[in-house]
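Okay, here's what each chain looks like letter by letter:
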Amino acid sequence: MANDISFDTPPSVLPAGKQNIPRHVAIIMDGNGRWAEKRNQPRIMGHRAGVEAVRGMVEGCAKNGVEVLTLFAFSSENWRRPKQEVGLLMELFMTALGREVKRLHKNNVRLRVVGDIEGFSKPLQKRVAEAQALTQENTGLTVVVAANYGGRWDITQAAKYLAAQVQAGQLNVEDITPERMADAMSLADLPEPDLFIRTGGESRISNFLLWQLAYTEFYFSDILWPDFNIDALNNAIVSFATRQRRFGRTGQQVEQNKTRTTSC
Ligand code: FPP
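Colleague: Any chance you could explain the site of the ligand here in plain terms?
Modeller: What surrounds the ligand is a group of 15 residues, the closest being Asp30, Gly33, Arg34, Arg43 and Arg81. In the environment of the ligand, an oxygen atom lies 3.1 Å from a nitrogen or oxygen atom belonging to the backbone of Gly33. Take Arg43: an N or O atom from its side chain is 2.9 Å from an oxygen atom of the ligand. When residues of the shell around the ligand are traced back to their parent elements, those giving at least two are α1 (32-38), α2 (43-64) and α3 (83-106). Looking at the shell around the ligand residue by residue, the classes come out as five nonpolar, six polar and four charged.

Colleague: What is the right way to look at unusual backbone geometry in this model?
Modeller: Across residues other than glycine, the phi torsion is negative in most instances, and most of the peptide bonds are trans. The phi dihedral of Asn108 falls on the positive side, at around 65 degrees, and the residue is not glycine. With respect to the helices and strands, Asn108 occurs in the loop between α3 and β3 (110-114). Located in the positive-phi region is Ser206, a residue other than glycine, with phi close to 45 degrees. With respect to the helices, strands and loops of the structure, Ser206 is situated in the loop between β5 (195-198) and β6 (217-220).

Colleague: Before we go on, may I ask you to explain the environment of Ala159 in this structure?
Modeller: Its location among the elements puts Ala159 in helix α5 (residues 151-167). Classification of Ala159 by relative accessible area gives partly exposed; the value is 36%. In this structure the C-alpha to C-alpha distance between Ala159 and Met181, which are 22 residues apart in sequence, comes to 7.2 Å.

Colleague: Would you mind going over the sheet that holds strand β1 (residues 24-28) with me for this structure?
Modeller: Strand pairing in a sheet takes place through backbone hydrogen bonds and is either antiparallel or parallel in direction. Here six strands make up an open sheet; going across it, the order is β3-β4-β2-β1-β5-β6 and the pairing parallel. The strands lining the two open edges of the sheet, one partner per strand, are β3 and β6. Shown here is a sheet whose adjacent strand axes are inclined to one another by a mean of 20 degrees, direction ignored. Note that β5 and β6 share four bridges and pair parallel. Paired with Ile197 across the strands is Tyr219, a residue of β6. Its contacts with the sheet place α2 against β1, β2 (68-75) and β4 (142-149), and it is angled at close to 160 degrees to β2.

Criteria and cut-off values
Residues numbered from 1 in each chain as written. Predicted model: local features only at pLDDT ≥ 70, side-chain atom pairs only at ≥ 80, totals over all residues. Heavy atoms only, no water. Near = heavy atom within 4 Å. Polar contact = N/O pair within 3.5 Å; in protein donor to acceptor, adjacent residues only side chain to side chain. Helix = DSSP H or I, 4+ residues; strand = E, 2+ residues; numbered from the N terminus. Nonpolar A, V, L, I, M, F, W, Y, C, P; charged D, E, K, R; others polar. Buried < 20%, exposed > 50% of the residue type's maximum accessible area, 1.4 Å probe, protein only. Pairing = 2+ DSSP bridges. Axes fitted to C-alpha atoms, helices over the stretch in contact; angles between N-to-C directions. Contact = heavy atoms within 4.5 Å.

In structure tokens, the structure reads:
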């Protein structure tokens, strides 16, 4: 996939010879609140700074040749936050979407939003639809924003979809396979995440892409999200590049297969 990127920051400085670029990077952007609290600022200032970090990450991923970047912007459980913070976050999504979408489009980025969008206000739903429509033909980096998303919600909606097919007589129960489930999940048309990053020092996946992360490499960073810059992203990618991905095979099998494919 060719990334026609003309962002105005210097090119990536990944170490030479690093070939293992993840196709799909999925991120839990944690630490905005603490970033603001450390500066005696209201939490929303951390979220605003978080949007700037998103911009840097989009540029960094595009320049490194990553094909898909998925960002956990608002979980199904984030509604439990104080009402004021939720309201301000919604306003931030509105303004960020309005402000950034032209820039994304100019840089050939395709924007997708996944999650239970109907839980959002009508104006926000409209803005999401417009942003997706404007960028849908773009062929560069795909940015997926997970909003009002939960991994359990995603698995449940896939199960409901297949159950409805069974009920309608279009599918036999015996034909429900992991592949059919995968096809009914939100990100079915995209490669599964290769690299999962969580910033902010916590080591859990908080109901993110539960199904899709089955074979993903995990990378946890103590850096608070607003401070997670291109160098931090590069460190994560370098760490990923050193991992041996086995997908159930033995290490020896993986090595043998590598030798075979490189000597062909
Ligand atoms: C978690 O930090 C962060 C969020 C719940 C919101 C993340 C949203 C953004 C960065 C804006 C993204 C916008 C777009 C349009 C993609 P936290 O508040 O839980 O931090 P804490 O753990 O320090 O309290």
